[in-house]
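Observations on the model geometry
What follows is the residue order along each chain.
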Amino acid sequence: MLYKEIKNNVYYIGQNDVDRVIFDELIPLEHGTTYNSYLVKGSEKTAIIDTTYFPFVDTYINNLNENGIKHVDYIIANHGEQDHSGALPELIKKFPEALIVTNAKCKENIKEMLLIPEEKIKVITDKEELSLGDKTLQFFMAPGVHWPDTMFTYLKEDNMLFTCDFLGAHLVFDDLYSKNDELTYSMAKRYYAEIMMPFRMMCKKYTEFVSNLNPDFILPSHGPIHNEPNFILSAYKDWSSDTAKNLVVIPYVSMYGSVETMVEYVAKKLKEAGISVYAHDIVRDDLGDLAVNLVDAETIIIGASMVLAGPHPAAVNACVLANALKPKAKFASVIGSFGWGGKLVETITGLFTSIKPQIIEPVLVKGKAKPDDYEKLDILVNSIILNHKNDGVLK
Ligand code: FEO
């Protein structure tokens, strides 16, 4: 637990969670995460911006006690999800004078999820301001990055923007500020892929909004603070753009090696043509790496063995995830192998309900690929090369 001044009576009071190895019971965390919370002391009023995850509530309250915080007027809830709102019930007991300040949607969420009494909540609207004396908080609704209840809080006099989950990263830190290095970039991209990519158009909109606001500090609710905001804003501009990169992502599962052999063949041919390839063993590799590569993919090929009468469940899982994350990929195909029959291609392509890529003729073989199957794989490769050229991602 930290208590560190960032600037002019604005303090970091958040928590590193070094032991957390998975988030949302879905995506592995390589470097833990943080639950960022901030304390703003104005000349007349004191506010807390976002709180912590409920397993850390006792530590969080102890930290406030140890640092002599005896009075809080406002607790700003930028978002209702419990990793940030988890301490609200305890905080309103510790500081009975405090009001929780949030928007109408978040109010409903914290009432339902945390049983916060209505009379403890002050509802604010877009662009409304709240005076702390010599400091002013202004609220900007930001629905979609990533919940409908998300908002940003702007500390006007210090030009600091508290962006909640937006522009965050699952990355523990000790020195408050982003090092703007490869690790920070990759953890921010992984976080974008998993949490923000389904809302890419909203990310694009709010990246522009934040850029225009031009804050000196971006203070998210996970990961390090950005005191050089261009690092994260230029990354988000790239990730949320409509333009994919010259990349084919191949999530695959192979029971007897037939699918894997075909994936290796296709990957080799594509690389020889100047196309980057990320082949992902769905059963063994880190699901987060798949999500990260989907950010830039122009084409997705699902490689799957047949189990009973349908695709291997691991392939179905990867398809459901890819469809939910809504990458910008324009093309997709399937490479499959079966023993005695079933519906593999139809089931897989039918799972792409929200991304709707153009399907390139799949290649489905019985057992191992034979010479005429390799001819079909060559046709698949040539179609991908042509598509990437026509779309301008392969020069
Ligand atoms: Fe980090 Fe949407 O909570």
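Residues numbered from 1 in each chain as written. Predicted model: local features only at pLDDT ≥ 70, side-chain atom pairs only at ≥ 80, totals over all residues. Heavy atoms only, no water.

A short note on the overall build of the protein chain
The helix and strand inventory of the protein chain stands at twelve helices and 23 strands. C-alpha atoms of the protein chain, sized along the principal axes, occupy 80 × 40 × 35 Å. In the protein chain, which comprises 395 residues, the proportion classed as buried is 58%. Taking contacts inside the protein chain between residues at least 6 apart in sequence as the whole, the part at least 24 apart equals 72%. For the protein chain, the exposed surface amounts to about 16,200 Å²; the carbon and sulfur share of it is 52%. With 39 positive and 53 negative side-chain charges, the protein chain shows a spacing of 4 Å between the two charge centroids. (Helix = DSSP H or I, 4+ residues; strand = E, 2+ residues; numbered from the N terminus. Buried < 20%, exposed > 50% of the residue type's maximum accessible area, 1.4 Å probe, protein only. Contact = heavy atoms within 4.5 Å. Areas by Shrake-Rupley, 256 points an atom, 1.4 Å probe, with all protein chains shown as cover. Lys, Arg positive; Asp, Glu negative; His and termini not counted. Charge placed at Lys NZ, Arg CZ, Asp CG, Glu CD.)

Examining the packing of helix 9 (residues 287-294) against helix 10 (residues 313-325)
In helix packing, the relevant descriptors are the interaxial angle and the interaxial distance, both defined with respect to the helix axes. Running from N to C, helix 9 and helix 10 point in directions that differ by 45 degrees, and their axes come no closer than 11 Å. On the basis of the axis angle, helix 9 is oblique to helix 10. Of the two elements, helix 9 crosses helix 10, and the hand of that crossing is right-handed. Contact residues: Leu 287, Leu 290, Ala 291 and Leu 294 in helix 9; Ala 318, Leu 321, Ala 322 and Leu 325 in helix 10. Each residue belonging to the contact of helix 9 with helix 10 can be placed in one class, and the counts come to eight nonpolar, no polar and no charged. (Axes fitted to C-alpha atoms, helices over the stretch in contact; angles between N-to-C directions. Parallel < 35°, antiparallel > 145°, perpendicular 65-115°, else oblique. Left-handed = near helix turned anticlockwise from the far one by under 90°. Nonpolar A, V, L, I, M, F, W, Y, C, P; charged D, E, K, R; others polar.)

Focus on the state of the cysteines
Applying the stated criterion to the full structure yields zero disulfides. Free of any disulfide, Cys 203 has its nearest cysteine sulfur in Cys 164, 13 Å distant. A residue is classified by how much of its surface remains accessible, and Cys 203, at 0% relative accessible area, is buried. (Disulfide = S-S within 2.5 Å.)

Remarks on the pattern of salt bridges
Counted according to the given criterion, the structure contains 19 salt bridges. The shortest N-O distance in the salt bridge between Lys 107 and Glu 118 comes to 2.5 Å. One end of the pair, Lys 107, is in helix 4 (residues 104-114); the other, Glu 118, is in the loop between helix 4 and strand 11 (121-123), with eleven residues separating them in the sequence. Here Glu 118 falls in the partly exposed class, since its relative accessible area comes to 40%. (Salt bridge = Lys/Arg side-chain N within 4 Å of Asp/Glu carboxyl O.)

As for the side chain of Thr 102
Structurally, Thr 102 is set in strand 10 (residues 99-102). Residue classification places Thr 102 among the buried positions, given a relative accessible area of 0%. Polar side-chain contacts of Thr 102 include one of 2.7 Å to the backbone oxygen of Ala 77. In contact with Thr 102, not counting residues within four places along its chain, are Ala 77, Lys 107, Ile 110, Ile 121, Lys 122, Val 123, Ile 124 and Met 151. (Polar contact = N/O pair within 3.5 Å; in protein donor to acceptor, adjacent residues only side chain to side chain.)

Notes on the sheet that holds strand 9 (residues 74-76)
Spatially, seven strands are ordered 1-2-7-8-9-10-11 in an open sheet, and the strand pairing comes out mixed. The sheet is open, and its two borders are formed by strand 1 (4-7) and strand 11, each paired with just one other strand. Neighbour to neighbour, the strand axes of the sheet diverge by 30 degrees on average, direction disregarded. Across three bridges, the pairing between strand 8 (residues 46-49) and strand 9 is parallel. Looking at the pairing, Ile 48 lines up with Ile 75 of strand 9. (Pairing = 2+ DSSP bridges.)

Remarks on the domain arrangement of the protein chain
Annotation of the protein chain at the domain level lists domain 1 (4-239) and domain 2 (248-390). Look at where the C-alpha atoms of domain 1 and domain 2 centre, and you get two points 38 Å apart. Contacts between the two partners involve 14 residues from domain 1 and, on the opposite side, 15 residues from domain 2. Summed over both partners, the interface of domain 1 with domain 2 comes to about 1,200 Å²; 63% of that surface belongs to carbon and sulfur atoms. Three residues stand out in domain 1 for area buried against domain 2, namely Lys 189, Arg 190 and Met 197, and they jointly supply 39% of the buried area on that side. On inspection of domain 1 and its partner domain 2, the count reaches three salt bridges. Note that Lys 189 and Asp 296 form a salt bridge whose closest N and O atoms lie 2.6 Å from each other. For the interface between domain 1 and domain 2, the tally reads four residue pairs in polar contact (both at pLDDT 80 or more). Counting residues per element, the ones that place at least two in the side of domain 1 that touches domain 2 are strand 5 (27-28), helix 5 (182-196) and helix 7 (230-239). Top contributing element to the side of domain 1 that touches domain 2 by residue count: helix 5, with five residues. Within the side of domain 1 that touches domain 2, the residues separate by chemical class into eight nonpolar, no polar and six charged. (Domains from an automatic or database assignment. Buried area = accessible area lost by both parts, 1.4 Å probe.)

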